Amino acid sequence: MSDKSTITMKDIARELGVSVSTVSRALNDSPRISPEQRERIKAYAQEHNFLPNVLAESLRRSRVAPQRIIGVIMPQIAHYYFSTILSGIEEQASKRGYRIMVAQSDERYEREVRICQSFTEHRVCGVIVSMAKDTAEYGHFQRLLEAGIPLVFYDRICTGLNTNRVVVDDYMGAYKAVTYLIETGCKRIAFYGSSMKMEISKNRYNGYRDALLKHGMKLDESLRFECDNREDAEVLTPEVLAREDRPDAAFAVNDDTAIGILFAAKRMGLHVPKDLSICGFTNGERAIVCDPMLTTVEQRGPMVGEEAVDILVDHVEGVIPIDKVEKRIVKTRLVVRGTTR
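Now for a description of the structure that goes with this document.

Comments concerning the sheet that holds strand β4 (residues 151-154)
Stage number 1. Strand order in the open sheet formed by six strands is β2-β1-β3-β4-β5-β11, with parallel pairing between adjacent strands. Two strands in the sheet have a free side with no partner beyond their single neighbour: β2 (99-104) and β11 (327-330). Across the sheet, the axes of successive neighbouring strands diverge by a mean angle of 15 degrees, strand direction being ignored.
Stage number 2. As paired strands, strand β1 (residues 69-74) and β2 are joined by six bridges and run parallel to one another. Within the sheet, the bridge partner assigned to Val-72 lies in β2 and is Val-102.
Stage number 3. With respect to the sheet, helix α5 (residues 80-95) is in contact with β1, β2, β3 (126-129), β4 and β5 (164-168), its orientation differing from that of β1 by roughly 175 degrees.

So, in C-alpha cells, the structure goes:
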C-alpha cells in the first residue's frame, strides 16, 4: 500500500479523542497507557493501515538497524557559519553511528518543501533544519512531525511550531557587543539587520536596543537598516556615512555585512576605528583577513551542530520521550580585534 493511503498518528489521535503522545506510547507498548487503551489504539491503527516510520521504530527496538540516516537542510552550504554547523553535525552523527543526507534549500521555500518530501520518501530517521529566509508557512514541517519523524531546528527556528531547537544566545551576544561599543566611547550606533520576520534578527535587534536603553542612550530608528549582506552594505553605507549626524559605530547581524561597511568606510577615506567602530556577528575566516581585523561575536557553529544531533538521536532511540521538546542555547563570546577602539 502506498504512503498516500496511510494515516498518521495525528489522524488516529483525532479520531479516538486522545493526544498524539498517547497514540505513540500505545503503539510502543508503554506501561503508562492502560492495556485497554493500548489495544483500542493498536486495533484502530491496524484496521486503518497505519505504517509508522519503519526506520525510527527499528532504531528504538534494535541495536542493529538497517540504516541510520539523518536528513539535514541548510539554507546555504557555502555560508561559513552553516558550514561549521554541518561539520559539527557530521562529526557527532558519525560518533553516534549515523550518516547524514544533506540538502540545500538555497533560501527558497518551495525547494525546502520538496526536500522535506524527499526525506520522508527516503525514510530518514529525523531531520535537522534551518529555515529559508522566505519561509512563512510550516505545513511541510508539520507533515514530518505527523509522520513520526523527529525534527530539530537550528539558527533559524520555526516559531509556528513547538519543536526541538538549538540556537546561540543571539540576544546576549548583541547586548554585550553593543555595550562594548558604548563603553569604548561610541555615541551613535547603527544597526544593520535581517528581516524582522526572522527570530534571530529580532533577538539581535532587541539586544542592540536594550544595550542602548540600559546606558541611557536614545533609540534612533533612522539608524536601523534592513541590510544583511556585503553587497548591499557597500551600497548603503556611503549614504549613511554622508549624513551630518552620521553614526560613529555600526553593529551588523553578520560578518559579511560588517566587512561591507568596513570597505565602504575605507573607500570614503574614513579611519576605522577612529572615525567608525564596526562589530560583526559570526567570527568566520573572513574576520581575520580584512584590514583591520574584525571585532565580532563568535557563534560556535560546531557546538550547535553537535547539540542538534544529540537531541535528534536521543529522540530516535527513545532516550528523550517523543512528546518532550528540547530547547538548548549555545553561549556566544565577543572577540575584540582592530575594528573597534
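What about the nonpolar core?
Stage number 1. Within the largest apolar cluster, 42 residues are counted, with the highest numbers of intra-cluster contacts made by Val-178, Ile-189, Tyr-192, Tyr-208, Phe-251, Ile-261 and Ile-278.
Stage number 2. Elements represented by at least two residues in this core include exactly α8 (170-183), β6 (189-193), α9 (199-214), α10 (230-241), β8 (249-252), α11 (255-267) and β9 (277-282).
Stage number 3. Here the element with the most residues in this core is α8; it accounts for six residues.
Stage number 4. Residues in contact with Ile-189, not counting those within four places in the same chain, are Val-178, Leu-181, Ile-182, Tyr-208, Leu-212, Leu-223, Asp-248, Ala-249 and Phe-251.
Stage number 5. Judged by nonpolar contacts, the second largest core, of 24 residues, contains Val-72, Phe-82, Val-168 and Val-330.

Focus: the sheet that holds strand β10 (residues 295-298)
Either a parallel or an antiparallel arrangement is found when strands of a sheet pair, and the pairing is made through backbone hydrogen bonds.
Stage number 1. Pairing is mixed in the open sheet, where six strands are placed in the order β7-β6-β8-β9-β10-β12. This sheet does not close on itself; its edge strands, each paired only once, are β7 (224-226) and β12 (333-335). For this sheet, the mean angle separating the axes of adjacent strands, direction not counted, is 20 degrees.
Stage number 2. As defined by bridge partners, β6 adjoins β8 across four bridges and the pair is classed as parallel. By the bridge assignment for β8, Ala-190 is matched with Ala-250.

Digging into the environment of Arg-286
Stage number 1. Structurally, the position occupied by Arg-286 is in the loop between β9 and β10.
Stage number 2. The exposure class assigned to Arg-286 is exposed, which follows from its relative accessible area of 52%.
Stage number 3. The spacing of Arg-286 and Tyr-80 is 206 residues in sequence and 9.0 Å in space, taken between C-alpha atoms.
Stage number 4. Those residues in contact with Arg-286 that sit more than four places away from it in its chain are Asp-256 and Ile-259.
Stage number 5. Among the polar contacts made by the side chain of Arg-286, one reaches the side chain of Asp-256 at a distance of 2.7 Å.

Observations regarding the state of the cysteines
Stage number 1. Scanning all chains against the criterion turns up zero disulfides.
Stage number 2. In this structure Cys-116 is a free cysteine whose sulfur lies 11 Å from that of Cys-158, the closest cysteine sulfur available.
Stage number 3. A relative accessible area of 3% means that Cys-116 is categorised as buried.

Notes on the environment of Lys-202
Stage number 1. Along the chain, the position of Lys-202 falls in helix α9.
Stage number 2. For Lys-202, a relative accessible area of 32% gives the class partly exposed.
Stage number 3. Residues Lys-202 and Val-289 lie 87 residues apart in sequence; the distance between their C-alpha atoms is 29 Å.
Stage number 4. Each residue touching Lys-202, except ones within four places of it in the same chain, is listed here: Met-196 and Lys-197.

Describing the side chain of Thr-296
Stage number 1. Tracing the backbone shows Thr-296 in strand β10.
Stage number 2. Overall, the relative accessible area of 0% leaves Thr-296 in the buried class.
Stage number 3. Looking at Thr-296, its side chain comes within polar contact range of the side chain of Asp-255, at 2.6 Å.
Stage number 4. Polar side-chain contacts of Thr-296 include one of 3.2 Å to the backbone nitrogen of Thr-282.
Stage number 5. Residues within four places of Thr-296 in sequence aside, it is in contact with Asp-255, Cys-279, Gly-280, Phe-281, Thr-282, Asn-283, Ala-287, Arg-333, Leu-334, Val-335 and Arg-337.

Observations concerning a nonpolar patch on the surface
Stage number 1. A contiguous nonpolar surface patch, about 300 Å² in accessible area, is contributed by Ile-288, Val-289 and Met-293.
Stage number 2. The exposure class assigned to Met-293 is partly exposed, which follows from its relative accessible area of 40%.

A closer look at the side chain of Ser-194
Stage number 1. Topologically, Ser-194 is positioned in the loop between β6 and α9.
Stage number 2. In this structure the side chain of Ser-194 is engaged in a polar contact, spanning 3.0 Å, whose partner is the side chain of Asp-228.

Examining the packing of helix α1 (residues 9-16) against helix α3 (residues 35-47)
Stage number 1. Relative orientation of the contacting elements α1 and α3 amounts to 120 degrees, with a least axis distance of 11 Å. Relative to α3, the element α1 lies oblique. Handedness of the α1/α3 crossing: right-handed. Only Arg-40, Ile-41, Tyr-44 and Ala-45 of α3 make contact with α1, whose side of the interface consists of Ile-12, Glu-15 and Leu-16.
Stage number 2. Residues of the contact of α1 with α3, tallied by class, amount to five nonpolar, no polar and two charged.

Conventions we followed
Residues numbered from 1 in each chain as written. Predicted model: local features only at pLDDT ≥ 70, side-chain atom pairs only at ≥ 80, totals over all residues. Heavy atoms only, no water. Pairing = 2+ DSSP bridges. Helix = DSSP H or I, 4+ residues; strand = E, 2+ residues; numbered from the N terminus. Axes fitted to C-alpha atoms, helices over the stretch in contact; angles between N-to-C directions. Contact = heavy atoms within 4.5 Å. Core = buried A, V, L, I, M, F, W, Y, C linked by side-chain atoms within 4.5 Å. Buried < 20%, exposed > 50% of the residue type's maximum accessible area, 1.4 Å probe, protein only. Polar contact = N/O pair within 3.5 Å; in protein donor to acceptor, adjacent residues only side chain to side chain. Disulfide = S-S within 2.5 Å. Patch = residues over 30% accessible without salt bridge, like charges linked within 9 Å, V, L, I, M, F, W, Y side chains within 5 Å. Areas by Shrake-Rupley, 256 points an atom, 1.4 Å probe, with all protein chains shown as cover. Salt bridge = Lys/Arg side-chain N within 4 Å of Asp/Glu carboxyl O. Parallel < 35°, antiparallel > 145°, perpendicular 65-115°, else oblique. Left-handed = near helix turned anticlockwise from the far one by under 90°. Nonpolar A, V, L, I, M, F, W, Y, C, P; charged D, E, K, R; others polar.

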